[in-house]
Amino acid sequence: MSVDAMLPPDEPERLAALQRYEILDTPPDGAFNHLTAVAAALFRVPIAVVSLVDHDRIWFKSHYGLEVCETGREPGLCASAIFSPDVYHIRDALTDARALANPLVTKEVGLRFYAAAPLRTHDGFNLGTLCIMDRKARKLSVLEAGMLTKLAALVMDQMELRLAARKVAELEKVERSMREEHEGLGKSEEHLRDLFDEAPIAYVEERLDTRLIRANRAAMRILGIKPEEVAETLGKSLVPDTVGAQSRLHEALTSIERGTGTSGVVLELRRKDNGNPIWVQFWSKPAPEGKYTRSMFVDITERVLLEQEKARLEAQNIYLQEEIRSEHNFGDIIGGSSAMRKVTQQIQLVAPTSAAVLVTGESGTGKELVARAIHDHSPRKGRPLIKVNCSAVPDSLFESELFGHVKGAFTGALEDKLGRFELADGGTLFLDEISEIPFAMQAKLLRVLQEQELERVGDTRSRKINVRIVAATNRDLKQEVDAGRFRQDLYHRLSVFPIELQPLREHRDDIPPLAAHFVKQTARRMNRPAPRVTQATMSQLTSKEWPGNVRELQNAIERAVILAQGSFLQFDWVHAANTSPAVLAPAADAPAVLTSDELKRRERENLRVALAQTGGKVFGPTGAAALLGMKPTTVISRIKALGLERNKPT
């Protein structure tokens, strides 16, 4: 069937609309190339194209990843896509009759997947498409279809912008003609007013102090201004009081004062009617007499929000990759003791809810693992779990780390940064060592938890968030509240559902399965056979106090696997204990059970000795943390809790 036989009745009008844009056979344009590059990156496809359907051909204004500049209309996929009211999608071209004759499918390009959103004018004509292609078959989700439609709208905005620029040039020509010739003044004024008011692009005139003189309908619609409010509106009053926005405004005003125009400047504004943020790209030029400026601008809010979302997802992806590369405390919740069964039951109860959870227990008992289990069994498991170690964040950077900052908010803030709350939006935020949060920050954290909204440092705009909080500490927060070091209202907000983890010495029945798990895990990671654990060695493991709890057990087993020479697992501390006279001949009246104070005294003495041997150094392979087999941040917190001097260990 010929092309003409398949055309709709309004095809002549559609072609006429295409010709009005004067875009066919024009040189490459950076704005269109940027949009196709964004589409290719966003959908992870090798090819993205802006196509315009002429009478007998399909011409590509931008063709990212494709060398072809145009193709015939009859077998063209885009020729069919423009008749679709929504996104046109071919999952696999090799099995779809609509694409079998297309040269991009049958020849060397070898296309399999195709999706296109029509480029639709204000009066309903589809001029072409923004399409993405892949050499692999794939599906297109509803969310992806919506994003492709929004990108197509941005392509159409660029075409409208260029059409409007020509109309503005015509407008200026008419203005000059009016000043030179007074004949036909009434008709010219009417033509001028129509061009100004009906232009699809926003157009304003403003005095040098930015007070608006007049604005067309598109400008009033974008800025949220009523006709009667135009004369009383200062343009600079719509710019938010942030460092970045005010800096860009200052640059634009300085350029106008010098009598030079601005081109393509991006400004963040606030609508006058509701205060919602908008972003515009505008071009400004002083009038010949220099008393006012003429500006035109286009609303690019959707594009900016799309880029912000892309940046957020990239930052989130980087964080998650770092989390994957890092090694967690231990692999799964292991153990069948009554203490561990109680923890498992508590996780199953609270995970499906959005309640805040406070996990308490000594260092090394697996508080982070419980947080991960709560997240993995919750409706939020498809979203990220973001971790913040509160003891490792400097006090001066706490607010920026949690809530983010905008460019220029403080010295060194060279660009906008998302905080951990925004990274965790829709997911779970794990606040480890929650007792280490500075007291001054606790009120700000409480407000964010109550209101579910935050402000970045240096910004005035509130941002809604949806975050589930899991906090953890090895301290008694009730005592911290009584001592005035922790806010009582924040404590109640965090401890809606408390989970207490018992130290390993309180559930020794779990040591054998934990030990067997760590032996297999370590041997597999080191690519060597797993050594056997004898009953005698296992008895020695279960009789040890393990002040460092599960983490200490894991580190001890990793060391033993590394040192294992034969097929049996042995521990160097067991050998030392068996040959120590003090152990071979213990005092007959030695207590079998230590009190809490005695345990704390021994822990303090052990930590003091470790600091003395390392000269007060905590971090690094020669630091006290490595010597003790503990996290450096945990060692720091224990130094504070036990009242030791890090730089003066003795």
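Residues numbered from 1 in each chain as written. Predicted model: local features only at pLDDT ≥ 70, side-chain atom pairs only at ≥ 80, totals over all residues. Heavy atoms only, no water.

**Student:** For this particular structure, what's the right way to read the overall build of the protein chain?
**Tutor:** Each helix and strand counted, the protein chain has 24 helices and 18 strands in total. Taking all 650 residues of the protein chain together, 48% fall into the buried category. When the accessible area of the protein chain is evaluated, it comes to approximately 33100 Å², of which 52% is carbon and sulfur surface. (Helix = DSSP H or I, 4+ residues; strand = E, 2+ residues; numbered from the N terminus. Buried < 20%, exposed > 50% of the residue type's maximum accessible area, 1.4 Å probe, protein only. Areas by Shrake-Rupley, 256 points an atom, 1.4 Å probe, with all protein chains shown as cover.)

**Student:** Got a minute to help me understand the pairing of strand β2 (residues 57–64) in this structure?
**Tutor:** Regular strands have side chains that alternate between both faces of the sheet. Among the eight residues of β2, six are classified as buried, and the element is accordingly described as predominantly covered. As defined by bridge partners, strand β1 (residues 47–53) adjoins β2 across six bridges and the pair is classed as antiparallel. Directly across from A48, in β2, lies its bridge partner Y64. Where β1 hands over to β2, the hairpin turn is made up of three residues, counted between the paired strands. (Pairing = 2+ DSSP bridges.)

**Student:** For this particular structure, what's the right way to read the sheet that holds strand β13 (residues 385–389)?
**Tutor:** Note: strands within a sheet are paired through backbone hydrogen bonds, in either parallel or antiparallel orientation. The sheet built from five strands is open, its strands ordered β13-β14-β17-β12-β18 with parallel pairing. Since the sheet does not close on itself, it has two edges, and those belong to β13 and β18 (497–500), each with one partner. On average, adjacent strands in this sheet sit at an angle of 20 degrees to one another, irrespective of strand direction. Strand direction decides the pairing type here: strand β12 (residues 357–360) and strand β17 (residues 468–473), joined by four bridges, are parallel. (Axes fitted to C-alpha atoms, helices over the stretch in contact; angles between N-to-C directions.)

**Student:** Honestly, the pattern of salt bridges in this entry has me stumped. Any pointers?
**Tutor:** Opposite charge on two side chains permits them to pair, given that their charged atoms come into close proximity. One pass over the full model with this rule turns up 33 salt bridges. In this structure, R138 and E144 form a salt bridge, with 3.2 Å as the shortest nitrogen-oxygen distance. For E144, a relative accessible area of 22% translates into the label partly exposed. One salt bridge in this structure joins R638 and E603, with 3.0 Å as the shortest N-O distance. Residue R638 is located in helix α24 (residues 632–642), and its partner E603 is located in helix α22 (residues 596–613); the two are separated by 35 residues in the primary sequence. Since its relative accessible area comes to 15%, R638 is described here as buried. (Salt bridge = Lys/Arg side-chain N within 4 Å of Asp/Glu carboxyl O.)

**Student:** What exactly am I supposed to notice about the sheet that holds β1 here?
**Tutor:** With antiparallel pairing, six strands are arranged side by side in an open sheet as β3-β2-β1-β6-β5-β4. Each edge of the open sheet carries a strand with a single partner, namely β3 (70–72) and β4 (88–90). Pairwise comparison of adjacent strand axes, ignoring direction, gives a mean angle of 25 degrees for this sheet. Here helix α2 (residues 30–43) sits on the sheet and contacts β1, β2 and β6 (126–134); the angle it forms with β2, its principal contact strand, is near 75 degrees. (Contact = heavy atoms within 4.5 Å.)

**Student:** How should the packing of helix α17 (residues 511–526) against helix α19 (residues 549–563) be read in this particular structure?
**Tutor:** For any two helices packed against each other, the geometry is given by the interaxial angle and the distance between the axes. Where α17 meets α19, the axes come as close as 9 Å, and the angle between the chain directions of the two elements is 45 degrees. The angle between α17 and α19 places the two elements in the oblique class. Classified by chirality, the crossing of α19 by α17 is right-handed. Of the residues in α19, those in contact with I511, L514, A515, F518, V519, Q521, T522, A523, R525 and M526 of α17 are V550, L553, Q554, I557, E558, V561 and I562. Of the residues contributing to the contact of α17 with α19, the split by class is 12 nonpolar, three polar and two charged. (Parallel < 35°, antiparallel > 145°, perpendicular 65-115°, else oblique. Left-handed = near helix turned anticlockwise from the far one by under 90°. Nonpolar A, V, L, I, M, F, W, Y, C, P; charged D, E, K, R; others polar.)

**Student:** Could you clarify how one ought to interpret the packing of aromatic side chains in this entry?
**Tutor:** Two descriptors summarise a pair of aromatic rings, namely the distance from one centre to the other and the angle between the planes of the rings. Applying the stated criterion across every chain, the model contains two aromatic pairs. Judged by centre distance (6.2 Å) and plane angle (75 degrees), the ring pair of Y88 and Y114 falls under edge-to-face. Taken as a pair, Y88 in strand β4 and Y114 in strand β5 (residues 113–120) lie far apart in primary sequence, 26 residues in all. Each member of the pair, Y88 as well as Y114, carries the same accessibility label: buried. Summarising the aromatic geometry, the rings of F403 and F421 are spaced 5.6 Å apart at their centres and angled 40 degrees between planes, so their arrangement reads as tilted. Within this pair, whereas F403 is found in helix α12 (residues 398–403), its partner F421 is found in helix α13 (residues 420–423), the two being separated by 18 residues in sequence. Assigned by exposure class, F403 and F421 land together as buried. In this arrangement the basic side chain of R138 is found over the ring face of F113, its NZ or CZ atom lying 4.9 Å from the centre. (Phe/Tyr/Trp six-rings, centres within 6.5 Å; stacked < 30°, edge-to-face > 60°. Lys NZ or Arg CZ within 6 Å of the ring centre and 35° of its normal.)

**Student:** Could you clarify how one ought to interpret helix α14 (residues 439–451) in this entry?
**Tutor:** Two residues of an α-helix separated by three or four positions point the same way, owing to the 3.6 residues in each turn. Between its first and last C-alpha, α14 extends 19 Å over 13 residues, near the 18 Å set by a 1.5 Å rise per residue. Along α14, the residues that are buried comprise M441, Q442, L445, L446, V448 and L449. The buried residues of α14 occupy one face: seen down the axis, they fall within an arc of 165 degrees. Contacts from the buried residues of α14 go to α12, α13, β14 (428–432), β15 (453–454), β17 and α16 (488–494). Trailing α14 by a residue or two, Q452 shows a phi angle of about 55 degrees, which is positive. (Expected span 1.5 Å × (residues − 1). Arc of directions from axis to C-beta.)

**Student:** How should the side chain of K367 be read in this particular structure?
**Tutor:** Tracing the backbone shows K367 in helix α11 (residues 367–376). Despite being buried, K367 has no salt bridge partner; D432 is the closest side chain of opposite charge, sitting 5.7 Å away. Within the structure, the side chain of K367 is placed 3.0 Å from the backbone oxygen of E362, a separation counted as a polar contact. Other than its neighbours up to four places away in sequence, K367 contacts V359, T360, G361, E362, F430, A472, T473, N474 and L501. (Lys, Arg positive; Asp, Glu negative; His and termini not counted. Polar contact = N/O pair within 3.5 Å; in protein donor to acceptor, adjacent residues only side chain to side chain.)

**Student:** Hey, could you run me through unusual backbone geometry in this one?
**Tutor:** Leave glycine aside and you will find that most residues have negative phi; peptide bonds, for their part, are mostly trans. In this structure, E22 takes a positive phi of about 50 degrees despite not being glycine. Looking at where E22 falls in the secondary structure, it is placed in the loop between α1 (11–20) and α2. Phi angles above zero are rare outside glycine, and R44 is one such case at about 55 degrees.

**Student:** I would appreciate a short explanation of the nonpolar core in the present structure.
**Tutor:** Most often, soluble globular proteins have nonpolar side chains that are buried together. Core analysis: the biggest nonpolar cluster contains 36 residues, and L52, L119, L127, I132 and M159 have the highest contact counts within it. Only α1, α2, β1, β5, β6 and α5 (142–180) provide two or more residues apiece to this core. For this core, the element with the most residues is α5, which contributes nine residues. Those residues in contact with L52 that sit more than four places away from it in its chain are L18, I23, L24, R57, I58, W59, K61, L119, L127, G128 and M159. (Core = buried A, V, L, I, M, F, W, Y, C linked by side-chain atoms within 4.5 Å.)

**Student:** Before we go on, may I ask you to explain the confidence of the model for the protein chain in this structure?
**Tutor:** The predicted coordinates of low-pLDDT regions are not to be read in fine detail. Confidence in the prediction for the protein chain averages 82 pLDDT; 88% of positions are at 70 or higher. In the model of the protein chain, helix α21 (residues 581–584) stands out as the element of lowest mean pLDDT, 37, in contrast to β12, which has the highest, 95. Here residues 325–331 scores under 50 on pLDDT; set against residues more than four positions off or in separate chains, the count is 19 contacts. With pLDDT under 50 throughout, residues 575–592 is counted as low confidence; its partners more than four residues away or in other chains account for four contacts. (pLDDT = per-residue confidence, 0-100.)

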